[in-house]
Amino acid sequence: MTKTNPGNFFEDFAVGQVLRHATPRTVTAGDVALYQALYGNRFAVQSSDAFARAIGYERAPVDDLLVFHVVFGKTVPDVSLNAVANLGYAGCRFLAPVFPGDTLSTVSEVIGLKENSNGKTGVVYVRSTGTNQNGVEVLDYARWVMVRKRDESTPAPTAVVPVLPAHLPPDALGAAVPRLDLSGWDDALSGSPHRWGDYAVGERIDHVDGTTIEEAEHQMACRLYQNTAKVHFNQHTEGKGRFGRRLVYGGHVISTARALTFNGLGNAFAVAAINGGRHVAPSFAGDTIYAWSEILDSRAIPGRDDVGALRVRLVATKDQPCAAFPDKGDDGRDDPAVVLDLDWWLLLPR
Amino acid sequence: MTKTNPGNFFEDFAVGQVLRHATPRTVTAGDVALYQALYGNRFAVQSSDAFARAIGYERAPVDDLLVFHVVFGKTVPDVSLNAVANLGYAGCRFLAPVFPGDTLSTVSEVIGLKENSNGKTGVVYVRSTGTNQNGVEVLDYARWVMVRKRDESTPAPTAVVPVLPAHLPPDALGAAVPRLDLSGWDDALSGSPHRWGDYAVGERIDHVDGTTIEEAEHQMACRLYQNTAKVHFNQHTEGKGRFGRRLVYGGHVISTARALTFNGLGNAFAVAAINGGRHVAPSFAGDTIYAWSEILDSRAIPGRDDVGALRVRLVATKDQPCAAFPDKGDDGRDDPAVVLDLDWWLLLPR
Amino acid sequence: MTKTNPGNFFEDFAVGQVLRHATPRTVTAGDVALYQALYGNRFAVQSSDAFARAIGYERAPVDDLLVFHVVFGKTVPDVSLNAVANLGYAGCRFLAPVFPGDTLSTVSEVIGLKENSNGKTGVVYVRSTGTNQNGVEVLDYARWVMVRKRDESTPAPTAVVPVLPAHLPPDALGAAVPRLDLSGWDDALSGSPHRWGDYAVGERIDHVDGTTIEEAEHQMACRLYQNTAKVHFNQHTEGKGRFGRRLVYGGHVISTARALTFNGLGNAFAVAAINGGRHVAPSFAGDTIYAWSEILDSRAIPGRDDVGALRVRLVATKDQPCAAFPDKGDDGRDDPAVVLDLDWWLLLPR
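Residues numbered from 1 in each chain as written. Chains lettered and ligands numbered in written order. Predicted model: local features only at pLDDT ≥ 70, side-chain atom pairs only at ≥ 80, totals over all residues. Heavy atoms only, no water.

Quick notes on unusual backbone geometry
Glycine aside, residues mostly have negative phi, and peptide bonds are mostly found in the trans state.
Piece 1. With omega at 0°, the peptide bond leading from Ala 22 of chain A into Thr 23 of chain A counts as cis.
Piece 2. With respect to the helices and strands, Thr 23 of chain A occurs in the loop between β1 (18–20) and β2 (25–26).
Piece 3. In this structure, Gln 226 of chain A is a non-glycine residue whose phi angle is positive, near 55°.
Piece 4. Residue position: Gln 226 of chain A is located in the loop between α7 (215–224) and α8 (235–238).
Piece 5. Look at Gln 226 of chain A and you get buried, because its relative accessible area is 4%.
Piece 6. Positive phi, normally seen in glycine, also occurs at Val 208 of chain B, with a value near 75°.
Piece 7. By secondary structure assignment, the location of Val 208 of chain B is in the loop between β7 (204–206) and β8 (211–212).
Piece 8. The class for Val 208 of chain B is partly exposed, based on a relative accessible area of 35%. (Helix = DSSP H or I, 4+ residues; strand = E, 2+ residues; numbered from the N terminus. Buried < 20%, exposed > 50% of the residue type's maximum accessible area, 1.4 Å probe, protein only.)

This is how it looks when you write it as structure tokens:
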């Protein structure tokens, strides 16, 4: 019997099953600095203890996406080691702020299963929850992946497909952001004069800049997140594979694009929720990532007059500037330069 | 109206104008570790809390050049986004020590303007000041850059050219170094038996070693410093540009050369001032940086018997060892291997 | 007289000589994060303050190999700058836990000297000891290197060859691990259900995964460790040398392989001792490292019922998966894919 982890196959999952993932991880100022070096964020709240304190945080919180990547990374060995494809995300909410020194753990519950008609694979739906050392939930999200069966002759389980929200409602947003004292918000230091109310639904923003991805960078990112998906690390096997190259973790592209959005959304300091997203095409080292955003909705958050929410579509491309907002064509097909199409709620000061 | 930052053009600057830059940045032990990993410094004062305490610091201070890069990085979006060239630096003084946990902000004042005779560009002079969370100034320096005009028909402003010091006087040095108790200075641990008095004016030192720059390294450095200059990050556009490659931030070359100087100047633990410097030629990933130093002057600091100052010229080359001290030829032209020619004051224990 | 360090030549060493090495180094959460990003370890004890506290540590200790690399790095300028070859290690013991904030220093004593018959080189044996800021020894090990003579006509010293242990006895193990309260050990969080007693002598484990090394990664690693060996950093000279490329620090390969061992030895959270090891072949950027382990011995530690020791042989290969356990052939020659053959004691909960 092997002592190595073969990962779970489709038949190993059952609806209601709870997976407690290894490895708990204390996030530190070191991780924050690496995240900074990998993406170059400039949001003042996460960058400066002084700025964060001036508006009501105890100190600068850890970047929301760093929290996401750490919580997500833990699920890989149990959920997606034998995955054929990542199919989607939904209902990702940021529930409490994370500060350096907090220890994050992840638990997943299987919330759906549906074997594919080919009898070789099935779709596994999980809800994963990240908690801190005090048991406080900091993040949860649903994810569904296509997983191989170990044995094609195993009978299919009863199909259970969870109902997942197309997008989260405004009253589900903002739990990870304390009530802010906006008298301490300084637009010169935050880098943008544009508050929540300055963005109009339908507005499109070209984030102008581009960033080229390097192998060492995306590998270091994944290792920081303890994300062990083999495709990101092993040129010896990937070189013989479908793409001939290591695949960049989709989350690395999200974080790269997120950093670019500072130029145009400089006050959108917090990710309140990720409604869903598609990794439209793979990214590789050497690709230069550009991004543009579209304001899909603008909503006040019930009970809060400090921050408002923008529902934003974030589109990232490779080797294609976004001045022309590359998008789906009339035939509904994605522009071939598009690598990411994300739908999220961002918070800005009012 | 765009919400992205178009940067300032020459006509946007006025003498006396004050620019409060985004983003304040708390420097942490994480940043210090990344700086270590990027350059490999071995100066004991910055490397060891125990060594630093033994001589009178409260703990190991943050490397002077890391402070410089963080303070400098903030100015890029406002000062040099539309710059054609970085023309020079002067009068850069380190004014107070920075420790992990301090938050750095930068303000610049326009101290000079001079349109070029071609009517297309002009020179902007700024004095930038970095302060910590208590409002204490930690660094200031003058810099001048050539910036494009938005509209060539705009009339030229009255030319104001500030008088800048060719080099700082000894009594302007040392504010960032507390009075040291040299009974705690251990030459074995610091790595060099050579104190301030052991260096002679005119002495030249070949720093022997060479370091090859990688794309991932200089990109991570710039992102750590929140330096957003496009030329460092975007292979998609730079590949079509003048050099066909991403340009390495000049400050990355300075820090690389500074780390090399440990071998020969191991006790020169603090940069007191940068008198001026030229990035003689561009550097790219794959270049191997070597360096040599020349002692230009040696001066006691009025009122201090703990440390003395050496005015040092630091020359860095690429793909050329420095045993022969590559320098200007008889025609006054730089040796083609030279990439950096810097003039600074370093402090050593007496 | 030069102020740069020419390194020691064979004639510069004398048995009994003590070398106090520069530079003391405070290890921080930043270094821990970089180590994480460079190797991707998933051992819960080092990753999580909460997990570490639950079993009796004051907080998460620094990874043993990070301690080793920092202690080792300091010896390079004094011991191996003029080394022709690293010949071996023996008797490496981890003696006390290291936590972020501790400052590490290294002292070496020359314990043996033997000139080679060619009269050009000799073998230098040193015992190096790493201590923390309180003078507590955290690590010691013997190492022997072949060093060039400065002058071949210098007479050979009396040969002294120290007797070094082939491997450490069980009662020499475990000093760096406090007595653990295993009621707090959670196998789900640690990532493996396999405790000390579950491993059988003779058992072999293929660690399955592979990791490709990048230039930026191994350079950043060496600089983090202040390891200044020229061969790792200088493509300009190495490009003209024997391999045409920069050589990867052998310790980087050890740490890469160690991280791979998590898959199969997930509860082997501590390195108690390194009995010996050979860097069988050089590694370069672009190589993909795989690893397998063999259980050589399994021993209780006298006086302890919390942890047990496994003596493990760790073999790493490049560009060769380890399902077939690539090893020496019948002729005693190493498989050409093998780069590392290490013998160490690992600790696991009982």
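From this point, the narrative continues.
Focus: the relation of the copies chain A and chain C
Piece 1. You can overlay chain A on chain C at an RMSD of 0.0 Å; the transform is a turn of 120° with a shift of 0.0 Å along its axis. Here the two chains are linked by the operation of a three-fold rotation axis. Closest approach to the rotation axis among the C-alpha atoms of chain A is made by Gly 30 of chain A, whose C-alpha sits 2.2 Å away. (Least-squares fit on C-alpha atoms with pLDDT ≥ 70 in both.)

Description of the pattern of salt bridges
Piece 1. This structure, assessed with the given rule, holds 75 salt bridges over all chains.
Piece 2. For Arg 246 of chain A, the salt bridge goes to Glu 214 of chain C, with nearest N and O atoms at 2.8 Å. Residue Arg 246 of chain A is found in the loop between α8 and α9 (250–260), and its partner Glu 214 of chain C is found in the loop between β8 (211–212) and α7 (215–224); the two belong to separate chains. Both residues of the pair, Arg 246 of chain A and Glu 214 of chain C, belong to the buried class. (Salt bridge = Lys/Arg side-chain N within 4 Å of Asp/Glu carboxyl O.)

What to know about the relation of the copies chain B and chain C
One copy of the chain maps onto the other through a rotation about an axis followed by a shift along the same axis.
Piece 1. Note on the copies: chain B fits chain C at an RMSD of 0.0 Å, the axial shift is 0.0 Å, and the rotation between them is 120°.
Piece 2. Taken together, the interface assignments show that only 9% of the residues at the interface of chain B recur at the interface of chain C, consistent with different surfaces on the two copies. (Contact = heavy atoms within 4.5 Å.)

Some points on the pairing of strand β5 (residues 121–131) of chain C
Residue and element names in this part refer to chain C.
Piece 1. β5 sits mainly inside the fold: nine of its eleven residues count as buried.
Piece 2. Across ten bridges, the pairing between strand β4 (residues 103–115) and β5 is antiparallel. Residue pairing for β5: Lys 114 is matched across the bridge by Val 123.
Piece 3. The antiparallel hairpin formed by β4 and β5 contains five residues in its connecting segment, where Gly 119 sits at a positive phi of about 70°.
Piece 4. The sheet contact formed by β5 and strand β6 (residues 137–148) spans eleven bridges and is antiparallel. Among the inter-strand pairings, Val 124 is bridged to a residue of β6, identified as Val 145. (Pairing = 2+ DSSP bridges.)

A look at the state of the cysteines
A covalent bond bridging the sulfur atoms of two cysteines is what the word disulfide describes.
Residue and element names in this part refer to chain C.
Piece 1. In the structure shown here, the tally under the stated rule is zero disulfides over all chains.
Piece 2. Looking at Cys 92, it has no disulfide partner, and the nearest cysteine sulfur is the one in Cys 222, 17 Å off.
Piece 3. What makes Cys 92 buried here is its relative accessible area of 1%. (Disulfide = S-S within 2.5 Å.)

Details of the interface of chain B and chain C
Piece 1. The partner chain C presents 34 residues to the 47 residues of chain B that form the contact.
Piece 2. Of the roughly 3000 Å² buried between chain B and chain C on both sides combined, carbon and sulfur atoms contribute 55%.
Piece 3. A per-residue breakdown of the area chain B buries against chain C is headed by Ala 37, Arg 42 and Leu 189 of chain B, which together make up 18% of the total.
Piece 4. At the surface where chain B touches chain C, the tally comes to five salt bridges.
Piece 5. Summed over the shared surface of chain B and chain C, the result is 25 residue pairs in polar contact (both at pLDDT 80 or more).
Piece 6. The set of elements that each furnish at least two residues to the side of chain B that touches chain C consists of α1 (29–39), α2 (44–47), α3 (49–55), α6 (187–190), β7, β8, α7 (215–224) and β10 (288–300) of chain B.
Piece 7. At eight residues, the largest contribution of residues to the side of chain B that touches chain C is made by α1 of chain B.
Piece 8. Grouping the constituent residues of the side of chain B that touches chain C by class yields 20 nonpolar, 17 polar and ten charged. (Buried area = accessible area lost by both parts, 1.4 Å probe. Polar contact = N/O pair within 3.5 Å; in protein donor to acceptor, adjacent residues only side chain to side chain. Nonpolar A, V, L, I, M, F, W, Y, C, P; charged D, E, K, R; others polar.)

A closer look at the domain arrangement of chain A
Think of interface size as the accessible area that goes away when the parts come together; that is how it is often given.
Residue and element names in this part refer to chain A.
Piece 1. Domain assignment breaks chain A into domain 1 (1–27 + 62–164) and domain 2 (186–350).
Piece 2. Using only C-alpha atoms to locate each centre, domain 1 and domain 2 end up separated by 22 Å.
Piece 3. Domain 1 puts 21 residues into the contact, and the matching count from domain 2 is 22 residues.
Piece 4. Interface area, domain 1 with domain 2, both sides summed: about 1700 Å², of which 57% is carbon and sulfur.
Piece 5. On the domain 1 side of the contact with domain 2, Leu 65, His 69 and Tyr 89 bury the most area, a combined 33% of that side's loss. (Domains from an automatic or database assignment.)

Considerations on the interface of chain A and chain C
Piece 1. Chain A puts 34 residues into the contact, and the matching count from chain C is 47 residues.
Piece 2. Here chain A meets chain C over a buried area of about 3000 Å², counting both sides, of which 55% is carbon and sulfur.
Piece 3. Together, Lys 3, Arg 223 and His 236 of chain A form the three largest contributors to the area buried by chain A at its contact with chain C, with a combined 25%.
Piece 4. Linking chain A with chain C are five salt bridges, by the criterion used here.
Piece 5. For the pair chain A and chain C, the number of links is 25 residue pairs in polar contact (both at pLDDT 80 or more).
Piece 6. Taken together, the elements giving at least two residues each to the side of chain A that touches chain C come down to β2, α1 (29–39), α7 and α8 of chain A.

Digging into the nonpolar core
Piece 1. In this structure, Trp 344 of chain A, Trp 344 of chain B together with Trp 344 of chain C are the most contacted members of the largest nonpolar core, which totals 183 residues.
Piece 2. Leave out the neighbours within four places in its chain, and Trp 344 of chain A touches Leu 65, Ile 254, Arg 258, Val 271, Ala 273, Ile 274, Asn 275, Leu 310, Arg 311, Val 312 and Leu 314 of chain A. (Core = buried A, V, L, I, M, F, W, Y, C linked by side-chain atoms within 4.5 Å.)

Looking at helix α1 (residues 29–39) of chain C
Residues and elements named next belong to chain C.
Piece 1. Taken across its eleven residues, α1 has ten buried, putting it largely inside the fold.
Piece 2. Taken together, the buried positions of α1 are occupied by Ala 29, Gly 30, Asp 31, Ala 33, Leu 34, Tyr 35, Gln 36, Ala 37, Leu 38 and Tyr 39.
Piece 3. Taking the backbone nitrogen of Gly 30 as reference, a side-chain oxygen 3.0 Å away marks Thr 28 as the first, capping residue of α1.
Piece 4. Looking one or two places after α1, you find Gly 40, whose phi comes out positive at around 75°.

Observations regarding the pairing of β10 of chain B
Residue and element names in this part refer to chain B.
Piece 1. Two elements, β7 and β10, share three bridges in a ladder whose sense is antiparallel. When the bridges of β10 are listed, Arg 204 appears paired with Glu 294.
Piece 2. Two elements, β8 and β10, share two bridges in a ladder whose sense is antiparallel. Bridging from a neighbouring strand, Thr 212 pairs with Thr 288 of β10.
Piece 3. Summarising the sheet, β10 and strand β11 (residues 307–318) pair through eleven bridges and their orientation is antiparallel.

Here we look at the side chain of Glu 294 of chain C
Piece 1. Mapping Glu 294 of chain C onto the fold places it in strand β10 (residues 288–300).
Piece 2. In contact with Glu 294 of chain C, other than residues within four places in its own chain, are Gly 202, Glu 203, Arg 204, Arg 311, Val 312 and Arg 313 of chain C.

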